[in-house]
Amino acid sequence: MIEVQDLHFTYPSGVEALKGISLKIEDGEFVAIMGENGAGKTTLVKHFNGLLKPTKGRVIVNGIETTKVSVATLARKVGFVFQNPDHQLFAETVEEEISFALRNFGFSPSVIEKRVTWALNLLGLMQYRKTSPFMLSGGERKRVALASVLAWDPEILILDEPTIGQDYQQKENLRQFIMQLRTQGKTVLVVTHDVEFVAECNPRVLLMRGGKLIADGAARKVLTDPEILAQSSIVPPQITQLFIELSSLGFPSDIIDLYEARETLLKAFGAAAK
Amino acid sequence: MSMFDGLKYRRVFSPIHNLDPRVKFTYACIIFIVAILFWEFIPLLVLFVIQVPFVILARVRREWLRSMKGAAFLASVIFTVNFAVSFINSGYMITFVALEYALAMTFRFLVLVESFSIFFLTTSPDHLGLALEQTRVPYEFCFAFTTAVRFVPVLAEEAQTIMDAQKARGLELEKGNFLRRIRNYIPILIPLIVSAIRRSLELAEAMESRAWGVSKKRTNLYELKLHGSDYVLLTVTVVLLVAAIYVRLYLPVPRLAEIFDYFAH
């Protein structure tokens, strides 16, 4: 469980990035953190594995206050996949890249071998086991970065902009993958601008603006509220836009799911046909 | 990092910022030469103090103080080492000569940092490149120079992100013995170098697609021209140099011990 109490953070340069944030994320929750550029999303999640320590307030992860332990200790529980894979890839082979963190955490060689194989299979990277990560395409590098974090099986997983530069198929794979993690009881946090992706996943949404939390609730509620969205320069998902336009005809405007949209429309047409 | 912070250019409008970079560079160099001419404390202190009005005029007091603070550590090392050496040489006695020498060496360093910090704080990299160009340095070199300066903060920021990413994968930089600690930096250096090379290739492609180097003879939108204030500073600097040489050669420079004696009697 992650508990944030009145968190303030000011960068050494004097920029106040977080201005009093309080929230609670339960085990096994799926949370999307959204908001315009510079809203403080990445700054917030960097507090969850101790990369940043609060200027004021407290962050408690699994009952441990983040100021009391090192990043390495927290990282064992909290996996953080950075936005740009090129900021972490350095090893000669994909295999070594994935085992890097495992060696840091002191796993035994036989366990490392097993975990690496498991992670490679999970993300469909088996054929690149002995390839240099620098030879891979952008999307593949992103998957290697993800695999290198998943390998130590953290309880909480933070993904910073996982959908950037991914084609639709890869996004869909990622979505399936997150759902799979959820069934294993993992907590997943996603920092993203991708409204359509969030609409399809339907997680809890935290909306940030200017270092503050301006909305916290189900995607269905937050992403269909034009007033809140306008405040944080987010355009509603396409299907919601359609239903907002149709709301004058008596349709509900809080729809983000394609399947639900289809059912609603069919029902209305059915009624009209009768 | 804090010492380099004190060298980073900030866009402020002030009479000092408007001066010609070439004149400012000459000024910094001559201050340096004058500082080397003297090994007595009093003239070096004077040299240090007369530059303070420049700092105030340029409105970079905060940044300047930061660079001075950054230099303080090295300055105290210089003081300690010099003082210790003359302390031992003079047979374990604290003498005015030893104190003066150590203070003078410290202030020589501080004067150097001060003058160059004024130069870098008040000169934009663009102006620097322009100055290089107009002193007939080939344009390729000028461009490489300004680009290098321009990318230093970008690289520093990137290094921080990489460090965060590797720490998030359990890397502990301060762990292990000396050799191990150096090895700990490999996962940070490799991504940094790779991305620097990638970026330079991308930059080259972007430049070529914008027709870099098409015309052999380049013209500039801004031409550097010496104005009245530039001539004033240039004159002051030259006078300072001449006066310093004159004082060095023909006038006695008061020493700390003499001043102390004078007041003691």
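Residues numbered from 1 in each chain as written. Chains lettered and ligands numbered in written order. Predicted model: local features only at pLDDT ≥ 70, side-chain atom pairs only at ≥ 80, totals over all residues.

## Digging into the overall build of chain B
As a reminder, the rule being used: Secondary structure counts use DSSP, requiring at least four H or I residues in a row for a helix and at least two E residues in a row for a strand, with both numbered from the N terminus. In this treatment the radius of gyration is a C-alpha quantity, and the globule benchmark scales as 2.2 Å times the residue count to the 0.38 power. A pair of residues counts as a contact when their C-beta atoms, built from backbone coordinates, are separated by no more than 7 Å.
Helix and strand content of chain B: twelve helices and zero strands. Across chain B, helices and strands are ordered from the amino to the carboxyl terminus as α-α-α-α-α-α-α-α-α-α-α-α. Expected size for 265 residues packed as a compact globule is a radius of gyration near 18 Å; at 24 Å, chain B overshoots this value by more than 25%. A separation threshold of at least 6 residues defines the contact pool for chain B, and within that pool the share at least 24 residues apart is 80%.

## A word on the packing of helix H2 (residues 21-37) of chain B against helix H11 (residues 228-250) of chain B
All names here are of chain B. Under the convention used in this document: Between N-to-C directions, angles cover 0 to 180 degrees, with each direction set by a line fitted to C-alpha atoms, over the stretch in contact for helices. Orientation labels follow simple angle bins: below 35 degrees gives roughly parallel, above 145 gives roughly antiparallel, 65 to 115 gives roughly perpendicular, and whatever is left gives oblique. Should the near helix be turned anticlockwise from the far one by less than a right angle, the crossing is termed left-handed; should it be turned clockwise, right-handed. Under the grouping applied here, Gly and all other residues not named as nonpolar or charged are polar, the nonpolar ones being Ala, Val, Leu, Ile, Met, Phe, Trp, Tyr, Cys and Pro and the charged ones Asp, Glu, Lys and Arg.
Running from N to C, H2 and H11 point in directions that differ by 10°, and their axes come no closer than 10 Å. It follows that H2 is roughly parallel to H11 by the angle criterion. Remark: the crossing between H2 and H11 carries left-handed chirality. Taking contact as the criterion, the partners of Val23, Thr26, Tyr27, Ile30, Ile33, Val34 and Leu37 in H2 are, on H11, Asp230, Leu233, Leu234, Thr237, Leu240, Leu241, Ala244, Ile245 and Arg248. Considering only residue class, the contact of H2 with H11 consists of twelve nonpolar, two polar and two charged.

## Section: the interface of chain A and chain B
A common way to express how large an interface is: the accessible area buried when the components associate. Taken together, the contact between chain A and chain B spans 20 residues of the former and 17 residues of the latter. Where the side of chain A that touches chain B is concerned, the elements lending two or more residues are helix H2 (71-75), helix H3 (94-104) and helix H5 (138-150) of chain A. Per-class residue counts for the side of chain A that touches chain B are 13 nonpolar, five polar and two charged.

## Brief notes about the sheet that holds strand S2 (residues 16-25) of chain A
Two orientations exist for strands paired in a sheet by backbone hydrogen bonds: parallel and antiparallel. Residue and element names in this part refer to chain A. Convention followed: Two strands pair under a simple rule: DSSP has to find at least two bridges between them.
Judged by pairing direction, the sheet is antiparallel, and its four strands sit side by side in the order S2-S1-S4-S5 without closing on themselves. Looking at the sheet topology across the chains shown, the edges are occupied by S2 and strand S5 (64-65). For strand S1 (residues 2-10) and strand S4 (residues 56-61), the ladder comprises five bridges, and the chain directions are antiparallel. Paired with His8 across the bridge in S4 is Lys56.

## What about the pairing of S4(A)?
Residues and elements named next belong to chain A. Direction of pairing for S4 relative to S5: antiparallel, over a ladder of two bridges. Bridge assignment links Val61 to a residue of S5, and that residue is Ile64. In sequence, S4 turns back onto S5 through a hairpin of two residues, with Asn62 there showing a positive phi of about 50°.

## A few points about the nonpolar core
This is how it is decided: As used throughout, a nonpolar core is a set of buried Ala, Val, Leu, Ile, Met, Phe, Trp, Tyr and Cys residues joined through C-beta atoms within 7 Å of each other. Here a residue counts as buried when 20 or more other C-beta atoms sit within 10 Å of its C-beta, as exposed when there are 12 or fewer, and as partly exposed otherwise, the C-beta atoms being derived from the backbone.
With 81 residues, the main nonpolar core has A:Ile33, A:Ala147, A:Ala151, A:Ile158, A:Val198 and A:Val205 as its most contacted residues. Discounting residues that sit within four places of it in the chain, A:Ala147 has contacts with A:Ile98, A:Ala119, A:Leu120, A:Leu122, A:Leu123 and A:Leu125. Membership of the second largest hydrophobic core comes to 27 residues, among which are B:Ile31, B:Leu47, B:Ala58 and B:Val113.

## Examining the environment of A:Met135
Structurally, A:Met135 can be placed in the loop between helix H4 (109-122) and H5. Overall, A:Met135 belongs to the exposed group, with 10 C-beta atoms counted inside 10 Å.

## Considering the confidence of the model for chain B
All names here are of chain B. Note the following rule: pLDDT expresses how confident the predictor is about each individual residue, on a scale running from 0 to 100.
Overall, the prediction assigns chain B a mean pLDDT of 85, with 97% of residues at 70 or greater. Mean pLDDT per element in chain B: helix H1 (residues 2-5) is the minimum at 49, and helix H10 (residues 186-209) is the maximum at 93. Predicted complex metrics record ipTM = 0.88 and pTM = 0.75.

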